[in-house]
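Topology and contacts: notes
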Amino acid sequence: MSRTGEVAVSTLEEHIDVGVPIDSAWESLHRVENYPRFMDGVREARAEAGGRAQLDIETGGAARQMEAEVSDRAGDRVMEWHTTGAPHLRCSLALHSIDQANTRVQARLEYDPDTVREAFGGPRGFAQANAIERLVRGDLEHFREYAEHSR
């Protein structure tokens, strides 16, 4: 955990190997409308003008909307996004070719534990970090299934 001003920021890094070529994984990652297929709690997702995405999410029985600004470095196969309001989340997804048929997806999530808890509820401290790790790991597993079966 690091401190930026008065805000505590936690960072989580996870990766998964996907049995598709890097171009296929990259294409699957950019289908915003299909995020509900592999992101837990996302009920609907829409790409909007200006590199923005609108996500309708449900967590802890409560529905809410989140807006994110999305950018990518296609040549480097890195997609980044951050929420434009609370809770403040920042994520990067980097794709690395393992070989012609396999790709590693590296996810890095930065979040403020206090604002995440306020927005979504749930545990504090170590238990919260474990819950977020399980969520990210589950989303990566679902992405692998989605990418491998949508070819």
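Placed above this text is the structure.
Residues numbered from 1 in each chain as written. Predicted model: local features only at pLDDT ≥ 70, side-chain atom pairs only at ≥ 80, totals over all residues. Heavy atoms only, no water.

**Quick look at the overall build of the chain**
In terms of helices and strands, the chain carries three helices and eight strands. Ordered by position in the sequence, the α and β elements of the chain form the string β-β-α-β-β-β-β-β-β-α-α. Per-residue burial for the chain yields a buried fraction of 37% across its 151 residues. For the chain, the proportion of contacts with a sequence separation of at least 24, taken over those separated by at least 6, is 47%. For the chain, the exposed surface amounts to about 8,600 Å²; the carbon and sulfur share of it is 47%. (Helix = DSSP H or I, 4+ residues; strand = E, 2+ residues; numbered from the N terminus. Buried < 20%, exposed > 50% of the residue type's maximum accessible area, 1.4 Å probe, protein only. Contact = heavy atoms within 4.5 Å. Areas by Shrake-Rupley, 256 points an atom, 1.4 Å probe, with all protein chains shown as cover.)

**Re the pattern of salt bridges**
Summed over all chains, the structure comprises 15 salt bridges. Salt-bridge contacts for arginine 104 lead to aspartate 17; the nearest nitrogen and oxygen are separated by 2.7 Å. With arginine 104 in strand S8 (residues 102-111) and aspartate 17 in strand S2 (residues 7-18), this residue pair connects regions lying 87 residues apart in the sequence. As a salt-bridge pair, arginine 77 and aspartate 23 come within 2.2 Å of each other at their nearest N and O atoms. (Salt bridge = Lys/Arg side-chain N within 4 Å of Asp/Glu carboxyl O.)

**So, the pairing of strand S5 (residues 62-73)**
Where strand S4 (residues 52-59) lies against S5, eight bridges are found, and the strand directions are antiparallel. Within S5, the position partnered with alanine 53 by the bridge is alanine 68. When S5 meets strand S6 (residues 78-83), the two strands line up antiparallel, connected through six bridges. Its bridge partner being in S6, aspartate 72 is matched across the sheet by methionine 79. Linkage of S5 to S6, two consecutive antiparallel strands, is achieved through a turn of four residues, within which arginine 77 is found at a positive phi near 60 degrees. (Pairing = 2+ DSSP bridges.)

**Describing the nonpolar core**
One finds Val18, Leu29, Tyr35, Leu95, Val105, Leu109 and Phe143 to be the most contacted residues of the largest nonpolar core, which totals 34 residues. When near neighbours in sequence (up to four residues on either side) are disregarded, leucine 95 contacts Ile22, Ala25, Trp26, Leu29, Asp76, Arg77, Thr103, Arg104 and Val105. (Core = buried A, V, L, I, M, F, W, Y, C linked by side-chain atoms within 4.5 Å.)

**Some details on unusual backbone geometry**
Notably, arginine 77 is not glycine yet its phi reads approximately 60 degrees, a positive angle. Mapped onto the elements, arginine 77 comes out in the loop between S5 and S6.

**As for the packing of aromatic side chains**
By the definition in use, this model includes three aromatic pairs. Cluster of aromatic residues (ring-pair linked, three or more members): Tyr35, Phe38, Phe143 and Tyr146. (Phe/Tyr/Trp six-rings, centres within 6.5 Å; stacked < 30°, edge-to-face > 60°.)

**Topic: the environment of histidine 30**
With respect to the element layout, histidine 30 can be found in the loop between helix H1 (22-29) and strand S3 (42-48). Along the sequence, histidine 30 and valine 70 sit 40 residues apart, while their C-alpha atoms lie 10.0 Å from each other. Aside from chain neighbours lying at most four places away, what touches histidine 30 is Asp72 and Met79. Engagement of the side chain of histidine 30 in a polar contact is seen with the backbone oxygen of tryptophan 26, the distance being 2.9 Å. (Polar contact = N/O pair within 3.5 Å; in protein donor to acceptor, adjacent residues only side chain to side chain.)

**What about the pairing of S3?**
Where S3 lies against S4, six bridges are found, and the strand directions are antiparallel. By the bridge assignment for S4, arginine 46 is matched with glutamine 54.

Note that every value here comes from positions in space, so none of it alone points to a role or purpose.
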